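Here is how the chains run, residue by residue.
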Amino acid sequence: MNDLEFRQQVLDTKSASFCAAKWYNATIWLGSGQTTSCHHPPAHAIDAEAIKTNPSAIHNTVEKKIDRLNMQLGNRPAGCEYCWKIEDMGRDAVSDRVYKSRIYPIKALDEAYTQPHQADVNLRTLEIAFDRTCQFACSYCNPAFSSSWVRDINQNGPYAGLVSDGRNHFTHAHDHSQLYRYGETNPYVDAFFAWWETDLHKTLQELRITGGEPTMSGELWKLIDWFKTNQGRSQTRLAINSNLGMDRLKLLDFIKRIQGIPHLEIYTSQEATDNQAEYIRDGLNYDLWMHNVQELLEHDDIRAVHCMCTINALCLDSLPDLLDQLMRLKQVYGRERVTFTLNILRFPSFQSALVLPDNLRTRYKNNLQIWLGLNQGSPLMHEHEINHMQRLVDYLDVVKTPHSEAFELDKLRSDFRQFYQQYDQRRGKDFVSTFPVLNDWYQSL
């Protein structure tokens, strides 16, 4: 059964909006006490009182339970707009609710759909962030997820003149995103470990640690030690999101510390190459990143390295080059050990690929279509990789606004110029020399 057939025959036969992520998947930011069912809906607060007696309430929130009911009834939760926008493109588009659902057994999907929506559910896949400590300050990130972004705002003040940044990503240090320092009693971290010890380690298929940069968090090593001293107690696969910005000695120390943990996988972010990648992901050394990817793949303890591409306005020029490099890694290390996903950025809206002029969108769409035509028949490609490529091609062709709350295009483009002028000044970068293809349009804004 391919992805489209799965959507039509398994999900849509329950309801036209059913997605198992509302039951079995979560991202939880333990530093701020917030959660969401996947990366697309906005985060919401965890009830600090509820977790005192029910640690699973770090996931089973009132808001998620209301969304579960809506999905059982076939209604579309507003926070899941990303998937509805993809599916409404037509062309048999496959949205992320398919990928977030088909990783679970059919029986589990049936149980989710039929059980009372108020029921507390044990997660099967979980991504947690212990804190926001990070040595990078990527252009599309913000202080809520990076201590380096916090330093930028504290040293240089807020970014000025951004009328479309309704979520105020770049106006303050987001102190609410890090309520506790390492070593302080954090009730959300305590609730996670309490739930983990009693039930969660028995039900989770995968636990993914993110950040910030998780290898800079002391709580990660506490969890690593649990896995090493409790071998056989849990079948949970451990995965770590890392920007892989550490030097060689730190990387080798990391590899040594995780030896003996079965099924460990690494997720890393990248969507461009060379100086364009380093511009987008401030703090990155692209050659070091590529070397570290290859170093990890040389070690059998690392089951796979997954590249998560955040598709934004600046990456499309060199994205095909990055994909070529990933295909070469697949040739050397195998189809299963190197994979990629293309995740379309919606916030901040002025960094969306949709702010680009029609001629550039068409150019990049055509380049991606050519790449897909050359590679989709390769046995190295996964079905989801082909679908993600086709989805991006269709997105650039059909969709006109990043999301329903986005400002008019002229305001988004004005903010694009405002932001990157200030970004250049603060970070010592040069947009014009880094993205010559965009120069004439950029200068006209």
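Let me sum up the structure you'll find in this document. Per chain, the residues get numbers from 1 upward, laid out in the order the sequence is written. The predicted nature of this model means local features are confined to residues of pLDDT at least 70 and side-chain atom pairs, given and counted, to a pLDDT of 80 or more, with totals for whole chains, interfaces and linings taken over all residues. To obtain the side-chain values, all non-hydrogen atoms of the structure were included, while hydrogens and water were left out.

Categorising residues by exposure relies on relative accessible area from a 1.4 Å probe, with only protein chains included: less than 20% of the type maximum marks a residue as buried, more than 50% marks it as exposed, and the intermediate range marks it as partly exposed. Segments assigned H or I by DSSP are reported as helices when at least four residues long, segments assigned E as strands when at least two residues long, and all are numbered from the N terminus. Counting buried residues in strand S7 (residues 264–269) gives 6 out of 6 residues, a clear majority hidden from the surface. Neither face of S7 is exposed, since Leu 264, Ile 266 and Thr 268 on one face and Glu 265, Tyr 267 and Ser 269 on the opposite face are all buried. Read as a crossover between parallel neighbours, the route from strand S6 (residues 237–241) over helix H11 (residues 248–257) to S7 is right-handed. Only strands that DSSP links by at least two bridges are regarded as paired with each other. Here S7 pairs with strand S8 (residues 302–311) via 6 bridges, running parallel. Looking at the pairing, Glu 265 lines up with Ala 304 of S8. Orient the strands so they point away from the viewer, and a crossover whose first-strand-to-second-strand path over the helix runs clockwise is right-handed.

Right, let's get into the sheet that holds S7. Strand order in the open sheet made by the 9 strands is S3-S2-S1-S4-S5-S6-S7-S8-S9, with mixed pairing throughout. At either end of the open sheet lies a strand with only one pairing partner, and these are strand S3 (44–45) and strand S9 (338–344). Alignment of S8 against S9, held across 7 bridges, turns out to be parallel. The residue bridging Ile 311 from the neighbouring strand is Ile 344, located in S9.

Looking at the element boundaries, Arg 97 is found in helix H6 (residues 96–99). Taking relative accessible area as the criterion, Arg 97 reaches 2% and is therefore assigned buried. In what follows, residue pairs with any heavy atoms lying within 4.5 Å of each other are defined as contacts. Once residues lying within four places of it in the same chain are set aside, the contact partners of Arg 97 are Arg 7, Leu 11, Asp 12, Ser 15, Ala 16, Ser 17, Phe 18, Cys 19, Cys 83, Trp 84 and Glu 87.

Among the secondary structure elements, His 201 is positioned in helix H9 (residues 187–203). Take His 201: its relative accessible area is 4%, and that puts it in the buried class. Here a polar contact is recorded for every N or O atom pair within 3.5 Å, except that within protein the pair must consist of a potential hydrogen donor and a potential acceptor, and residues adjacent in sequence are included only if both atoms are side-chain atoms. At a separation of 3.3 Å, a polar atom in the side chain of His 201 contacts the main-chain carbonyl oxygen of Glu 197. If we skip the residues at most four places from it in the chain, His 201 touches Trp 196, Trp 226, Arg 233, Ser 234, Gln 235 and Thr 236.

Turning next to the packing of aromatic side chains. The aromatic pairing rule takes the rings of Phe, Tyr and Trp, using the six-membered ring of Trp, and pairs them if the centres are within 6.5 Å, calling planes under 30 degrees apart stacked, those over 60 edge-to-face and the rest tilted. The final tally for this structure, using the stated rule, is 35 aromatic pairs. Ring centres 6.2 Å apart and planes at 25 degrees place the aromatic pair Phe 192 and Trp 196 in the stacked group. On the criterion of helical spacing, the pair formed by Phe 192 and Trp 196 is a turn pair, its members being 4 residues apart in helix H9. Residue Phe 192 is classed as buried on the basis of its relative accessible area, which comes to 0%. Residue classification places Trp 196 among the buried residues on the basis of a relative accessible area of 0%. Any Lys NZ or Arg CZ found within 6 Å of a ring centre and within 35 degrees of that ring's normal is scored as a charge over the ring. Over the ring of Phe 193 we find Lys 222, and its NZ or CZ is 4.1 Å from the ring centre. A cation over an aromatic ring shows up here: Arg 417 above the ring of Tyr 442, its NZ or CZ 4.6 Å from the ring centre.

Bringing the pairing of strand S4 (residues 125–129) into the picture now. The buried fraction of S4 is high, at 5 of 5 residues. Where strand S1 (residues 25–29) meets S4, 5 bridges bridge the pair, whose relative direction is parallel. Opposite Ala 26, over in S4, you have Leu 126 as the bridge partner. Where S4 and strand S5 (residues 206–210) come together, 5 bridges link them in parallel fashion. Bridged to Glu 127 within S5 is Arg 208.

Let us now look at the environment of Ala 129. Mapping Ala 129 onto the fold places it in strand S4. Since its relative accessible area comes to 3%, Ala 129 is described here as buried. Sequence separation between Ala 129 and Pro 214 is 85 residues, and the spatial gap between their C-alpha atoms is 7.3 Å. Each residue touching Ala 129, except ones within four places of it in the same chain, is listed here: Ile 28, Trp 29, Leu 30, Gly 31, Thr 210 and Gly 211.

It is at 11 Å that the axes of H11 and helix H13 (residues 286–297) come closest, and there the two elements cross at 25 degrees. On the basis of their axis angle, the class for H11 and H13 is roughly parallel. As H11 packs across H13, the resulting crossing turns out to be right-handed. Facing Arg 248, Leu 251, Leu 252, Phe 254 and Ile 255 of H11, the residues of H13 in contact are His 291, Asn 292, Glu 295 and Leu 296. Looking at the contact of H11 with H13 residue by residue, the classes come out as 5 nonpolar, 2 polar and 2 charged. Here the axes come from fitting lines to C-alpha atoms, over the contacting stretch only for helices, and the angles between their N-to-C directions go from 0 to 180 degrees. An angle below 35 degrees is read as roughly parallel, one above 145 as roughly antiparallel, one from 65 to 115 as roughly perpendicular, and any other as oblique. Definitions for this section: a left-handed crossing has its near helix turned counterclockwise from the far helix by less than a right angle. A right-handed crossing has that turn clockwise. Nonpolar residues are Ala, Val, Leu, Ile, Met, Phe, Trp, Tyr, Cys and Pro. Charged residues are Asp, Glu, Lys and Arg, and all others, Gly as well, are polar.

It is worth spelling out the packing of helix H14 (residues 319–333) against helix H15 (residues 358–375) at this point. A pair of packed helices is captured by two measures, namely the crossing angle of their axes and the spacing between those axes. The geometry of H14 relative to H15 is characterised by a closest axis approach of 10 Å and an angle of 20 degrees between their N-to-C directions. Comparing the axis directions of H14 and H15 gives the class roughly parallel. As H14 runs across H15, the sense of the crossing is right-handed. Contacts between H14 and H15 pair Leu 319, Pro 320, Leu 323, Asp 324 and Met 327 from the former with Leu 368, Trp 371 and Asn 375 from the latter. A class-by-class count of the residues in the contact of H14 with H15 yields 6 nonpolar, 1 polar and 1 charged.

Moving on: the environment of Ile 106. Along the polypeptide, Ile 106 turns up in helix H7 (residues 106–114). Apart from the residues lying within four places of it in its own chain, the contact partners of Ile 106 are Phe 6 and Val 10.

Structural measurements only, silent on function.
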